[in-house]
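Analysis of the macromolecular model
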Amino acid sequence: MNELILVSLVAIVGGGLLGHFMTRTIVRDIGLPPDERAFEIAKLSAARTLELVLLVTVAALYYSWLVLRDERCTNLAVLIFATIFLGNLIFRAYYAGRM
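Please read these numbers as outputs of a predicted model, since none were measured by experiment. (Residues numbered from 1 in each chain as written. Predicted model: local features only at pLDDT ≥ 70, side-chain atom pairs only at ≥ 80, totals over all residues. Heavy atoms only, no water.)

**Regarding the overall build of the protein**
Within the protein, the secondary structure is distributed over three helices and zero strands. The order of helices and strands in the protein, counted from the N terminus, is α-α-α. Counting all 99 residues of the protein, 6% fall into the buried class. With an accessible surface of roughly 8600 Å², the protein has 72% of that area assigned to carbon and sulfur atoms. (Helix = DSSP H or I, 4+ residues; strand = E, 2+ residues; numbered from the N terminus. Buried < 20%, exposed > 50% of the residue type's maximum accessible area, 1.4 Å probe, protein only. Areas by Shrake-Rupley, 256 points an atom, 1.4 Å probe, with all protein chains shown as cover.)

So, in structure tokens, the structure goes:
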């Protein structure tokens, strides 16, 4: 059996079990239908997930840019950093006016 297929099967089964047990835990702790606390938890978890993705992306760009010396990463890093900075400012200004 190919190693890639074996790793894929283990990842699918492990992910399915993890998803099942996490869903049971969330339903037990929050309940159904979800209340305001559940919506706040969903917002916070989404924000933290985006922050984690951003951190991993920035770390990978810095590694590729500074350690591997890949020239294409300079333009990509500038684009991503400008999007992060300006996007954060734009969303803060938008939501400050809305709330």
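**Regarding the pattern of salt bridges**
Summed over all chains, the structure comprises one salt bridge. With a closest N to O distance of 3.4 Å, R48 and E51 form a salt bridge. Here the residue R48 and the residue E51 both occupy positions in helix α2 (residues 36-67), the gap between them amounting to three residues, near one helical turn. (Salt bridge = Lys/Arg side-chain N within 4 Å of Asp/Glu carboxyl O.)

**A short note on a nonpolar patch on the surface**
Where nonpolar side chains cluster on the molecular surface, the patch consists of Y62, Y63, L66, V67 and L68 and spans about 520 Å² of accessible area. As for its placement among the helices and strands, L66 is situated in helix α2. Using a relative accessible area of 47% as the deciding quantity, one classes L66 as partly exposed. (Patch = residues over 30% accessible without salt bridge, like charges linked within 9 Å, V, L, I, M, F, W, Y side chains within 5 Å.)

**Points about the confidence of the model for the protein**
When pLDDT is averaged along the protein, the result is 76; 86% of the residues meet or exceed 70. Per-element confidence in the protein is highest for helix α1 (residues 3-30), whose mean pLDDT is 80, and lowest for helix α3 (residues 72-98), whose mean pLDDT is 73. (pLDDT = per-residue confidence, 0-100.)

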